[in-house]
Amino acid sequence: MSHLQSLRAGVGIPILIVGLTSTACGTPAGGGRVEPVYDDATGRLQLLKYDANGDGTIDTWSYMDGARVVRIELDSDQNNVIDRWEYYGPDRAIEKVGASRAGDNTPDSWAFYDSGGTITKLELSMHRNGTVDRVDYYEAGVRVRAEEDTNADGRIDKWEVYDGTRLAAVSLDTRQRGRPDRRVVYAQDGTVRLEELP
């Protein structure tokens, strides 16, 4: 796995960064140049700029608190626009990853991971305004359910249930009462059933 693939996958970042800090400036094996930025007052490392694929262009910015990674920003498609934001906790484990689905330097989805690196939740800003209005929940890396505020009133009005990769049911709050009053059930044989709920 290349350094850029590791960065994209969100694995091995703290180890990679620790290895980079020892090189100070220059060209580490397998990648491009590293440019460290230090705090003028304290001398602490604040930022590592890194050319992950060695093409001469900085594409990775690792924001540091000394030797600890706080956040990494990536331009993974080399178009001079950040399209991935990785956030790390005090234990150096990745906590969440932001992405721009439109590729316009604005995060609109945030994936959360457990300590083993498996996704547990995906928050989405469907209207791309910074407000989370859809949340997908995962178990063992597989989406099991989702909740969505479809009319942007701040309340959930759509609930989805999944069976493996298959959408099994969608419940809707069509009366804006805060609970579902209608359910669409998708059977494995392809039939669809509409249920009215009390």
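Residues numbered from 1 in each chain as written. Predicted model: local features only at pLDDT ≥ 70, side-chain atom pairs only at ≥ 80, totals over all residues. Heavy atoms only, no water.

Participant: Got a minute to help me understand the packing of aromatic side chains in this structure?
Facilitator: For any pair of aromatic rings, the description rests on two quantities: the centre-to-centre distance and the angle between the ring planes. Throughout the structure, instances matching the rule amount to 0 aromatic pairs. We note R71 situated over the ring of Y63; from NZ or CZ to the ring centre the distance is 4.1 Å. Seen from the ring of F112, K121 lies directly overhead, with NZ or CZ sitting 4.7 Å from the centre. (Phe/Tyr/Trp six-rings, centres within 6.5 Å; stacked < 30°, edge-to-face > 60°. Lys NZ or Arg CZ within 6 Å of the ring centre and 35° of its normal.)

Participant: Even after reading the chapter, I still don't get the confidence of the model for the protein chain, so can you show me in this structure?
Facilitator: Reading predicted coordinates in detail is not appropriate for stretches of low pLDDT. Per-chain confidence: the protein chain averages 84 in pLDDT, with 84% of residues scoring 70 or above. Looking across the protein chain, the model is least confident in helix α1 (residues 3-9), with a mean pLDDT of 32, and most confident in strand β11 (residues 158-163), with 98. For the stretch residues 1-29, pLDDT sits under 50, and the model shows 60 contacts to residues farther than four places along the chain or on other chains. (pLDDT = per-residue confidence, 0-100. Helix = DSSP H or I, 4+ residues; strand = E, 2+ residues; numbered from the N terminus. Contact = heavy atoms within 4.5 Å.)

Participant: What exactly am I supposed to notice about the pattern of salt bridges here?
Facilitator: Inspection of every chain in the model, using the stated rule, returns 21 salt bridges. Linking R183 and E195 is a salt bridge whose minimum nitrogen-to-oxygen distance equals 2.9 Å. One end of the pair, R183, is in strand β13 (residues 182-186); the other, E195, is in strand β14 (residues 192-196), with 12 residues separating them in the sequence. When the shortest N-O distance is used, the salt bridge between R193 and E195 registers 2.8 Å. Overall, R193 belongs to the partly exposed group, its relative accessible area being 44%. In the salt-bridge network here, residues are joined through shared partners; they are R134, D136, R143, E148, K158 and E160. (Salt bridge = Lys/Arg side-chain N within 4 Å of Asp/Glu carboxyl O. Buried < 20%, exposed > 50% of the residue type's maximum accessible area, 1.4 Å probe, protein only.)

Participant: Is there a simple way to explain the side chain of E123 in this structure?
Facilitator: Its location among the elements puts E123 in strand β8 (residues 119-124). Side chain to side chain, E123 and K121 meet in a polar contact 3.3 Å long. Not counting the four nearest positions on each side in its chain, E123 is found in contact with D108, S109, W110, F112, V132, R134 and V135. (Polar contact = N/O pair within 3.5 Å; in protein donor to acceptor, adjacent residues only side chain to side chain.)

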